[in-house]
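If you want the building blocks of each chain, they are given just below.
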Amino acid sequence: MPKHLVPRAKQRMSVTQLRLVWTALQESKQDVVQHQDVLLEALQLLVEIVVWGDQNEPLTFDFFMENDILTFMRDLLCSEAPLSVYRAGLQVLGIFMESLSKPTSVWYLLSNNLINDIISYQFPLEQDEELLGYYVSLLKMLAIRLTPDTVLFFMNEHQADFPLYDQAVKLVDHRDVMVRTAARNLTLMIFQVNDPTLQAFVREIAAADFFTALVKATAKQSLRLNQALLEEEHGLATGLIAEHLDTFQYMNDILQMTHLALPDMLRQCVLDQLILALYCASLSRPVLVEDSELPDELLMLPVALFLLAQVANV
């Protein structure tokens, strides 16, 4: 029988076991690197007991709250730690957000900006795909919990701060298609929440910069496609064509949101900064494939025509 790193109580699902887990967590945090195996086992037990207790034994979540274990997790994750600890901590939080069903439990998790602090921390996401996956999964679980009743937990109206939105838009143009798709779906979920404060934040503060960045990224993507075709990198070109179509389908989803002023904002941004500035400008100064003097800011005529046709068919 394998030796447990965290002592076991007679009843695995109990406040007594949770107390042992809490002791192990506190002791492990003194040297996270040296005691990471104990920490990982304790985190696994923690999520099992708390999720079980949410439905079966209220005293377990009372213990979780009274000992401020969520603050412990915030401090653990918002500091230098092994990747395994980051992965486990984000996974625990994602399971909490997905599995806890009592409104009081969810509201406690979302209160005091602790979750906002965690998702705002600069995790080394590009160093570890599994860590990135757990991070994106946590964002998705949080977005599901975003409703008119919980908006106040997610944003600070006075500071114009909305961490869930801020982190989602950072991933909208991510190189990984699954991450990019998840991030775009997150923004759509946020835009669709029918809350005056949230909608005012998006409309008056967040949307303009986001749409400008999105359109600039699309223009850069179009120029990369142009260069790939010039260099006969057909595999890269095929991928970029698919990305271009995917981006405009995402934009089209935003254009369908008639309850906000966002469609008009995005439509004007795309028209001014992409269609007229790049696609139509390339038509007015057509450059053929054989032309070696192709300006960096223009597309070949066939490329411009193709992209315009793709946009028109979305």
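Going by the structure above, here's the rest.
Note that this is a predicted model, so its numbers are computed, not measured.

Visitor: Honestly, the overall build of the chain in this entry has me stumped. Any pointers?
Guide: Secondary structure assignment for the chain yields 15 helices and zero strands. Of all 314 residues assigned to the chain, the portion counted as buried reaches 48%. Accessible surface computed for the chain: about 15700 Å², of which carbon and sulfur atoms make up 53%. Considering the chain, the positive charge centre built from 21 side chains and the negative charge centre built from 40 side chains are found 6 Å apart.

Visitor: Honestly, the packing of helix α14 (residues 262–284) against helix α15 (residues 301–312) in this entry has me stumped. Any pointers?
Guide: Describing two packed helices takes the angle between their axes plus the distance from one axis to the other. Across the interface, α14 lies against α15 with an axial gap of 8 Å and an inter-helix angle of 135 degrees. As the angle between them shows, α14 and α15 are arranged oblique. Of the two elements, α14 crosses α15, and the hand of that crossing is left-handed. Contacts between α14 and α15 pair I275, Y279, S282 and L283 from the former with L301, A304, L305, L307, L308 and V311 from the latter.

Visitor: Hey, could you run me through the pattern of salt bridges in this one?
Guide: For side chains bearing opposite charge, pairing can occur when the charged atoms are close. What the rule picks out here adds up to ten salt bridges. With its nearest N and O atoms 3.7 Å apart, the salt bridge here joins E130 to R87. Linking E130 in helix α8 (residues 129–145) with R87 in helix α5 (residues 83–99), this pair joins segments that are 43 residues apart in sequence. A relative accessible area of 43% places E130 in the partly exposed class. A salt bridge links D246 to R184; its shortest N-O distance comes to 3.0 Å.

Visitor: When you look at the state of the cysteines in this model, what are you seeing that I'm missing?
Guide: Two cysteines, two sulfur atoms, one covalent bond between them: this is a disulfide. Summed over all chains, the structure comprises zero disulfides. Between C269, a cysteine without a disulfide, and C280, which holds the nearest cysteine sulfur, the sulfur-to-sulfur distance is 15 Å. For C280, a relative accessible area of 29% translates into the label partly exposed.

Visitor: Mind showing me how you'd approach the packing of aromatic side chains here?
Guide: Any pair of aromatic rings gets described here by the distance separating the centres and the angle formed by the planes. Taken as a whole, this structure holds 15 aromatic pairs when the rule is applied. Arranged with centres 5.6 Å apart and planes meeting at 85 degrees, the rings of F64 and F96 form a pair that is edge-to-face. A residue pair is termed long-range when its members are at least 10 positions apart, and F64 in helix α3 (residues 58–66) and F96 in helix α5 qualify at 32 residues. The pair F64 / F96 is uniform in exposure class, with both members buried. Members of the aromatic cluster, joined through ring pairs, are F162, Y165, F191, F201, F210 and F211.

Visitor: Sorry, what's going on with helix α1 (residues 15–28) here?
Guide: Every α-helix winds through 3.6 residues per turn, so residues three or four apart in the chain are directed the same way. Across its 14 residues, α1 extends 20 Å between first and last C-alpha, which sits within 8% of the 20 Å expected from 1.5 Å per residue. Regarding α1, the residues found buried are V15, Q17, L18, V21, W22, A24, L25 and S28. Looking at the buried residues of α1, the elements they touch are α2 (36–56), α3 and α4 (69–77).

Visitor: Quick question: what am I supposed to make of the nonpolar core here?
Guide: Soluble, globular proteins show a tendency: their nonpolar side chains are buried together. L46, F64, F96, F162, L164 and F191 are the most contacted members of the largest nonpolar core, which totals 108 residues. Among the elements that make up this core, the one with the highest residue count is helix α12 (residues 196–230) (twelve residues). What L46 contacts, discounting residues up to four positions off in sequence, is L18, V21, L25, F64, I69, M73 and F96.

Visitor: Explanation requested: α14 in the structure shown.
Guide: Roughly 45 degrees is the biggest bend found in α14, and it falls at I275. All of the buried residues in α14 are L262, P263, L266, C269, V270, L274, I275, L278, Y279, A281 and S282. Residues of α14 that are buried make contact with α11 (177–191), α12, α13 (234–255) and α15.

About the cut-offs
Think of each chain on its own: its residues are numbered from 1, step by step along the sequence as written. Selection of residues for local features in this predicted model requires a pLDDT of at least 70, selection of side-chain atom pairs for listing and counting requires 80 or more, and totals for whole chains, interfaces and linings are taken over all residues. The side-chain figures draw on all heavy atoms in the structure; neither hydrogens nor water molecules are used. Labels follow the DSSP assignment, with helices taken as runs of H or I lasting at least four residues and strands as runs of E lasting at least two, numbered in each case from the N terminus. For every residue, the accessible area (1.4 Å probe, protein chains only) is compared with the maximum for its type, and the residue is labelled buried under 20%, exposed over 50%, or partly exposed between those bounds. Note on areas: Shrake-Rupley with a 1.4 Å probe; residue coverage comes only from the protein chains shown. When charges are counted, Lys and Arg are positive and Asp and Glu negative, with His and the chain ends excluded. Charge coordinates come from a single atom per side chain, which is NZ of Lys, CZ of Arg, CG of Asp or CD of Glu. Between N-to-C directions, angles span 0 to 180 degrees; the directions come from axes that are lines fitted to C-alpha atoms, helices contributing only their stretch in contact. Angles are sorted into four bins: roughly parallel if under 35 degrees, roughly antiparallel if over 145, roughly perpendicular if 65 to 115, and oblique for all others. Helix crossings fall into two classes, left-handed where the near helix is turned counterclockwise from the far one by less than a right angle and right-handed where it is turned clockwise. Two residues qualify as a contact provided that any one of their heavy atoms is within 4.5 Å of a heavy atom in the partner residue. Counted as salt bridges are all cases of a side-chain nitrogen of Lys or Arg within 4 Å of a carboxyl oxygen of Asp or Glu. Two cysteine sulfurs form what is called a disulfide whenever their separation falls within 2.5 Å. We call Phe, Tyr and Trp rings a pair once their centres come within 6.5 Å, taking the six-membered ring for Trp, and we label the pair stacked below 30 degrees between planes, edge-to-face above 60, and tilted otherwise. Here a helix's expected span is defined as the number of its residues, less one, multiplied by 1.5 Å. To form a nonpolar core, buried Ala, Val, Leu, Ile, Met, Phe, Trp, Tyr and Cys residues must be joined to one another through side-chain atoms within 4.5 Å. Note that the bend at a residue is defined as the angle between axes fitted to the seven residues ending at it and the seven residues starting at it.

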